[in-house]
There are 2 protein chains.
Amino acid sequence: MQLSKSSQYAIRILAFMANHQEMQPMNANKLSEELLIPYKFLTKIMNELVKADLIVSIRGREGGYSFAKPPSEIIIDEILAIFHDSIKDEQCVLGIGFCNGMCKCALHDQWMEPKILMQKMFRESTLEKIAGQGCKI
Amino acid sequence: MQLSKSSQYAIRILAFMANHQEMQPMNANKLSEELLIPYKFLTKIMNELVKADLIVSIRGREGGYSFAKPPSEIIIDEILAIFHDSIKDEQCVLGIGFCNGMCKCALHDQWMEPKILMQKMFRESTLEKIAGQGCKI
DNA sequence: CTTAATTACCACCTTTAGGTAGAATTAATT
DNA sequence: AATTAATTCTACCTAAAGGTGGTAATTAAG
């Protein structure tokens, strides 16, 4: 029961970048060293963030990555969605097809509250909001 | 962000068995057909439940599976633990090593409440409690 | 004793997540 | 124009999850 490594890394990378907007564009080497994320894996993730239009990349010398839009407009759920980690409304904790009022799973009622809280957390947290928190790793 | 198939199946299987205690021992064929879980995968899961002492198996004709202890004494978290799906106290949502007061991740504070709720849900739900709920698939 | 019904075990297959390698492309600097 | 520092692309590798096949072991029933 946890996020994929890709999602975890992506959030940490973007939060770090949001904390150092003056250093943009920021290159993959720097990010890899600061966050202790394998270089090649990191570039793969960054590339997906570029394709998803969260990040723009500048190739060549003095290049690197910068935000495609301000961190205040990027929500965590948007990042999770890229790596298929977002919690959908209809998602059943026991994986049955249609888990709703008609035919619900054995954990449906208990699952409601934590599920809604997680969705709320992922949907209401912007990068800007969370960037200030924590010890920036 | 979801439970493994093994955990999902195991909970559904055990809840079903708790709902039909008069039919014990219950064999793999019956469980597979009722719950639409691939036979071979199901027997693999049952075997793990046997090794974990949640279930006892009886081989041979008229054999099958029965509870090793009453469903009122089996909590969901115990099942999740078998498949490495339990949510540990120190588990960080962004996967950093030590996420606590000293050095916490950017989502630490927001993660607290849903995490505690999920742990509560998994730790306080017994099989007996959840068995009655839902439409028994 | 034989047969049929059952679980246990071992080995494998397929798909996905996580991660790596190397060459191609781009662009600033010299 | 050459060099160098950077991203991008394609392809691959490894480990784990999910799933299957075949057979041995066990046991009740006939």
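Residues numbered from 1 in each chain as written. Chains lettered and ligands numbered in written order. Predicted model: local features only at pLDDT ≥ 70, side-chain atom pairs only at ≥ 80, totals over all residues. Heavy atoms only, no water.

A. Geometry of the pairing of strand β2 (residues 64-67) of chain A. Residues and elements named next belong to chain A. Pairing analysis gives 4 bridges linking strand β1 (residues 55-58) to β2, with the strands arranged antiparallel. Residue pairing across strands places S57 opposite Y65, the latter belonging to β2. Linking β1 back to β2 in an antiparallel pair, the connection comprises 5 residues, with G60 at a positive phi of about 75°. (Pairing = 2+ DSSP bridges. Helix = DSSP H or I, 4+ residues; strand = E, 2+ residues; numbered from the N terminus.)

B. Here's a closer look at the environment of C135 of chain B. Along the chain, the position of C135 of chain B falls in the segment after α6 (127-131). Residue C135 of chain B is classed as partly exposed on the basis of its relative accessible area, which comes to 27%. Spatially, the C-alpha atom of C135 of chain B lies 27 Å from that of I116 of chain B, the residues being 19 residues apart in sequence. Filtering out sequence-adjacent residues up to four positions away, C135 of chain B remains in contact with C103 and K104 of chain A. (Buried < 20%, exposed > 50% of the residue type's maximum accessible area, 1.4 Å probe, protein only. Contact = heavy atoms within 4.5 Å.)

C. Representation of the state of the cysteines within the structure. In total, this model carries 2 disulfides over all chains according to the counting rule given. Disulfide pairing places C103 of chain A opposite C135 of chain B at an S-S distance of 1.9 Å. In this pair, C103 of chain A sits in the loop between α4 (76-82) and α5 (108-124) while C135 of chain B sits in the segment after α6, so the two residues belong to two different chains. Here C103 of chain A falls in the partly exposed class, since its relative accessible area comes to 21%. Looking at the unpaired C99 of chain B, the closest cysteine sulfur is the one in C92 of chain B, lying at 3.7 Å. Residue C105 of chain B stays outside any disulfide, its sulfur separated by 3.7 Å from that of C92 of chain B, the closest cysteine. (Disulfide = S-S within 2.5 Å.)

D. Structural view of the protein's contact with DNA strand D. With respect to spatial proximity, 23 residues lie near DNA strand D, and among them A28, S57 and R59 of chain A together with K40 and K44 of chain B are the closest. In this structure, a phosphate oxygen belonging to DNA strand D sits 2.6 Å away from a main-chain N or O atom of A28 of chain A. Separating a sugar or linking oxygen of DNA strand D from a side-chain N or O atom of R59 of chain A is a distance of 2.6 Å. Residue assignment for the surface near DNA strand D shows that the elements contributing at least two residues are α3 (39-51), β1 and β2 of chain A together with α1 (5-19) and α3 (39-51) of chain B. Partitioned by chemical class, the residues of the surface near DNA strand D number 7 nonpolar, 8 polar and 8 charged. (Near = heavy atom within 4 Å. Polar contact = N/O pair within 3.5 Å; in protein donor to acceptor, adjacent residues only side chain to side chain. Nonpolar A, V, L, I, M, F, W, Y, C, P; charged D, E, K, R; others polar.)

E. Spotlight on the side chain of S7 of chain B. By the secondary structure assignment, S7 of chain B is in helix α1. Each residue touching S7 of chain B, except ones within four places of it in the same chain, is listed here: L80, F83 and D85 of chain B.

F. Expanded view of the interface of chain B and chain A. Each side of the interface is counted separately: chain B has 35 residues, and chain A has 35 residues. Summed over both sides, the interface of chain B with chain A buries roughly 3400 Å², with 69% coming from carbon and sulfur. On the chain B side of the contact with chain A, M1, L94 and M121 of chain B bury the most area, a combined 22% of that side's loss. Counting across the chain B and chain A interface gives 10 residue pairs in polar contact (both at pLDDT 80 or more). Within the residue set of the side of chain B that touches chain A, elements represented by two or more residues are α1 and α5 (108-124) of chain B. Per-element tally for the side of chain B that touches chain A: the top contributor is α5 of chain B, with 8 residues. Per-class residue counts for the side of chain B that touches chain A are 22 nonpolar, 8 polar and 5 charged. (Buried area = accessible area lost by both parts, 1.4 Å probe.)

G. Quick look at the relation of the copies chain B and chain A. Aligned on chain A, chain B shows an RMSD of 0.0 Å; the corresponding rotation is 180° and the shift along the axis is 0.0 Å. As the rotation angle and translation indicate, the two copies are arranged about a two-fold axis. Among all C-alpha atoms of chain B, that of P114 of chain B lies closest to the rotation axis, at 2.5 Å. A shared binding surface is used by both copies, with 100% of the interface residues of chain B retained as interface residues in chain A. (Least-squares fit on C-alpha atoms with pLDDT ≥ 70 in both.)

H. Representation of the packing of α5 of chain A against α5 of chain B. Contact geometry of α5 of chain A with α5 of chain B gives a least axis separation of 9 Å together with a crossing angle of 165°. The pairing of α5 of chain A with α5 of chain B is recorded here as roughly antiparallel in orientation. Every pair of crossing elements has a handedness; the one defined by α5 of chain A and α5 of chain B is left-handed. Between α5 of chain A, through Q110, W111, E113, P114, L117, M118 and M121 of chain A, and α5 of chain B, the contact on the second element is made entirely by Q110, W111, E113, P114, L117, M118 and M121 of chain B. (Axes fitted to C-alpha atoms, helices over the stretch in contact; angles between N-to-C directions. Parallel < 35°, antiparallel > 145°, perpendicular 65-115°, else oblique. Left-handed = near helix turned anticlockwise from the far one by under 90°.)

I. Expanded view of the confidence of the model for chain A. Residues with a pLDDT of 70 or more make up 99% of chain A, whose mean pLDDT is 95. Listed scores for the predicted complex are pTM 0.93 and ipTM 0.91. (pLDDT = per-residue confidence, 0-100.)

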